[in-house]
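Structural characterization, general
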Amino acid sequence: MKFLCVNAGSSSLKFQLFEMPEEKVIISGYIEKIGLEDSFWTTKVNGEKIKGSKYLKDHNDAVQVLIDELLEHKAVKSLDEIKGVGHRVVHGAEKYKDSVLITDEVIKDIVDMTKFASLHHPGNLAGIKALKEVLPNVPMVAVYDTAFHQTMPRENYIYPVPYEWYLKYGVRKYGFHGTSHKYITNVMKEKLGRDNVNLIICHVGSGASISAIKEGKCLDTTMGLTPLDGLMMGTRSGSIDPSILEYVCKESGKTIADVTNDLNKKSGLLGVSGFSDSRDVEDAAARGDDRAILALTMYNDRVAKYVADYFIELEGKVDAIVFTAGVGENGIEAREDIIRRLAPLGIKIDAKANGKIASFKDVHEGIISAKTSKIPVWVVPTNEELMIIKDTYKIVQGE
């Protein structure tokens, strides 16, 4: 059975077609710059990357490219072969604690919850609506970034602000990257041979979040009401003094929206170093660039501090620390620097093992801590698309 996974952003659309229940990827693609004159896409079939380009006015045009690619490369002979579509949706608020079949009510709720995810939901919705036009009779499932974190206790998700803000406006910590944190939790349950695992998961990349997992469920996480909170990221500031917003507005004449945009798109590694990609920052740091060195120091320090915080929150009972996502899977130097900062907790790096693991090397996962380390440290590649499709398959099959 063939199931399609779709992750639609504001100007992009990623897709993977899976053969289920074998969990085999048949074809995948990434369509970029939707709405711009230089729209293009890359399709991967049998290990070969095939590029294409033409102006794509909107997500309907992008979905047509998706369909054309499936048919042209014979991933399907007919669209009737597609038995389900799983869509990544960023925000489910408190209502959605798990993935659900997409209905008119679900679509209305995604629209209503756009106030929480204004950067992401328009693209999510556009992808859903475009696919529904092309595949009107195919069941579709919404898989929420926030769902996995809904097990947090109240003391971890309530902010110390007027309580009526929570009651009236839904102001609370929701957390994101939940599909990745859920996937890694499930993988570690298998590796450790039990369900009641205690983990600290570091999903660190351009977007970054850390979660504390207690007995297989999310206890706490770094992102908040929106994905802007928590760690310093590629272009996001992470947690800062909130009074900075009013101060900069008064000093610069910018609006709250302007400053929020700056915090989302012009801050983090980019704001400090001038580069948003950690690889570019590392290259600049190697050349002696002072701001790049500063940015890396700040980034790694913040990761280590949250790991230490969650170590305390888990009462020191941690089965594993896991690195995943772009920097987590490939940042050999970043991982080593972060782990060395955790030495007071008895966590020690095996530099040789660490140096062997990255997506561009032969080894993609494994333990990178020394045998004498108090807590084992793992590198495990995430697979959000597989998690989305597994949930979709389960719901469509009625399991």
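Structure shown above.
Here the residue index of a chain counts from 1 through its sequence in written order. Per-residue local features are limited, in this predicted model, to residues with pLDDT of at least 70; the limit for side-chain atom pairs, both in listing and counting, is 80 or more; totals at the level of whole chains, interfaces and linings are taken over all residues. As a rule here, side-chain values cover all heavy atoms of the structure and leave hydrogens and water aside.

**Some thoughts on the overall build of the protein**
The helix and strand inventory of the protein stands at 15 helices and 14 strands. A compact globule built from 399 residues should have a C-alpha radius of gyration of about 21 Å, and the protein, at 21 Å, falls within 12% of that. When its C-alpha atoms are laid out on the principal axes, the protein stretches across 60 × 55 × 45 Å. Partly exposed residues are those whose accessible area sits between 20% and 50% of the maximum for their type, while under 20% is buried and over 50% is exposed, using a 1.4 Å probe and protein chains only. Expressed as a percentage of its 399 residues, the buried residues of the protein come to 50%. Helix and strand assignments come from DSSP, with helices taken as H or I runs of at least 4 residues and strands as E runs of at least 2, each series counted from the N terminus. Radius of gyration means the value over C-alpha atoms here, while the globule rule gives 2.2 Å times the residue count to the 0.38 power.

**Considering the side chain of Thr221**
Along the polypeptide, Thr221 turns up in strand 11 (residues 217–221). Judged by relative accessible area, Thr221 falls into the buried class, the value being 0%. Whenever two N or O atoms come within 3.5 Å, that pair is a polar contact, provided that in protein one can donate a hydrogen and the other can accept it, and provided that, for residues adjacent in sequence, both atoms are side-chain atoms. A polar contact of 2.9 Å, which involves the side chain of Thr221, links it to the side chain of Ser211. Setting aside residues up to four positions removed in sequence, Thr221 forms contacts with His149, Met152, Lys173, Gly175, Ile210, Ser211 and Tyr310. For this analysis, residues touch if any pair of their heavy atoms sits within 4.5 Å.

**Things to note about empty space enclosed by the protein**
Empty space left among the atoms is revealed by rolling a probe the size of a water molecule over them. The way it works is a 1 Å grid over only the protein atoms, where trapped points that fit a 1.4 Å probe form a cavity and open points with protein on both sides within 12 Å along at least five of seven lines form a pocket, and then any residue with an atom within 4 Å of a point lines it. Grid points are joined across faces, edges and corners, and a volume is the space filled by probe spheres set on the points. The full count for this structure, using the stated rule, is 1 cavity of 30 Å³ or more. Put simply, the largest cavity is a space of about 40 Å³. Taken together, Leu269, Ser278, Glu282, Leu296, Tyr299, Asn300, Val327 and Ala334 make up the lining of the largest cavity. If you list the elements that add at least two residues to the lining of the largest cavity, you get helix 10 (278–286) and helix 11 (290–313). If one sorts the elements of the lining of the largest cavity by residue count, helix 11 sits on top with 3 residues. Gly falls in the polar group here, along with every residue not listed as nonpolar (Ala, Val, Leu, Ile, Met, Phe, Trp, Tyr, Cys, Pro) or charged (Asp, Glu, Lys, Arg). Residue composition of the lining of the largest cavity, by class: 5 nonpolar, 2 polar and 1 charged.

**Thoughts on the nonpolar core**
Working definition of a nonpolar core: buried Ala, Val, Leu, Ile, Met, Phe, Trp, Tyr and Cys residues. They are joined through side-chain atoms within 4.5 Å. In this structure, Ile200, Cys202, Val204, Val303, Ile321 and Phe323 are the most contacted members of the largest nonpolar core, which totals 45 residues. The next biggest cluster of nonpolar side chains, apart from the first, holds 42 residues, and it includes Ala8, Leu70, Ala75 and Ile102.

**Digging into the packing of helix 2 (residues 104–112) against helix 3 (residues 121–134)**
The angle between the axes and the distance between the axes are what describe a pair of packed helices. Relative orientation of the contacting elements helix 2 and helix 3 amounts to 155°, with a least axis distance of 9 Å. Considering the angle they form, helix 2 stands roughly antiparallel to helix 3. Considering the relative orientation of helix 2 and helix 3, their crossing is left-handed. Taking contact as the criterion, the partners of Ile107, Ile110 and Val111 in helix 2 are, on helix 3, His121, Leu125, Ile128, Lys129 and Lys132. Fitting a line to C-alpha atoms yields each axis, with helices limited to the stretch in contact; the angle taken between N-to-C directions then spans 0 to 180 degrees. Each angle is binned into one of four classes, with values under 35 degrees roughly parallel, values over 145 roughly antiparallel, values of 65 to 115 roughly perpendicular, and all other values oblique. When the near helix sits turned anticlockwise from the far one by under a right angle, the crossing is termed left-handed; a clockwise turn instead gives a right-handed crossing.

**Brief notes about the layout of surface pockets**
Its boundaries defined by the atoms lining it, the second largest pocket holds a volume of some 930 Å³. Sorting elements by how many residues they give to the lining of the second largest pocket places helix 8 (residues 256–265) first, with 5 residues. Here the residues of the lining of the second largest pocket are counted per class, giving 15 nonpolar, 9 polar and 3 charged.

**Focus on the packing of aromatic side chains**
Only Phe, Tyr and Trp rings take part, Trp by its six-membered ring, and two of them pair if their centres are within 6.5 Å. Stacked means planes under 30 degrees apart, edge-to-face means over 60, and tilted covers everything else. What the rule picks out here adds up to 6 aromatic pairs. Seen in terms of ring centroids, Tyr157 and Tyr166 are 6.2 Å apart; in terms of plane orientation they differ by 50°. Their pairing is tilted. Residue classification places Tyr157 among the buried positions, given a relative accessible area of 13%. The class for Tyr166 is buried, based on a relative accessible area of 15%. The structure contains a cluster of three or more aromatic residues connected by ring pairs, namely Tyr157, Tyr163 and Tyr166. Only when the NZ of Lys or the CZ of Arg is both within 6 Å of the ring centre and within 35 degrees of the ring normal is a charge said to sit over the ring. A cation sits over an aromatic face here: Lys14 above Tyr30, 5.1 Å from the ring centre. The ring of Tyr157 carries Arg172 above its face, with NZ or CZ at 3.7 Å from the centroid.

**Concerning unusual backbone geometry**
In this model, Met20 is joined to Pro21 through a cis peptide bond whose omega is 10°. Within the chain, Glu215 stands out as a residue other than glycine whose phi angle is a positive 50°. Within the secondary structure layout, Glu215 lies in the loop between strand 10 (208–214) and strand 11. Backbone geometry at Glu315 places phi at a positive 60°, although glycine is not the residue there. Among the structural elements, Glu315 can be located in the loop between helix 11 and strand 12 (320–324).

**Observations concerning helix 1 (residues 59–72)**
Expected span of a helix: the number of residues minus one, times 1.5 Å. Under the 1.5 Å per step criterion, the end-to-end length of helix 1 is 19 Å for 14 residues, consistent within 8% with the ideal 20 Å. Buried residues of helix 1: His59, Ala62, Val63, Val65, Leu66, Ile67, Glu69 and Leu70, and no others. Each element contacted by the buried residues of helix 1 is listed here: strand 1 (2–8), strand 2 (13–19), strand 3 (24–32), strand 4 (40–45), strand 6 (82–89) and helix 3. Of the residues flanking the start of helix 1, the one acting as N-cap is Asp58, its side-chain oxygen 3.1 Å from the backbone nitrogen of Asn60. Two residues or fewer past helix 1, Lys74 is found with a positive phi of approximately 55°.

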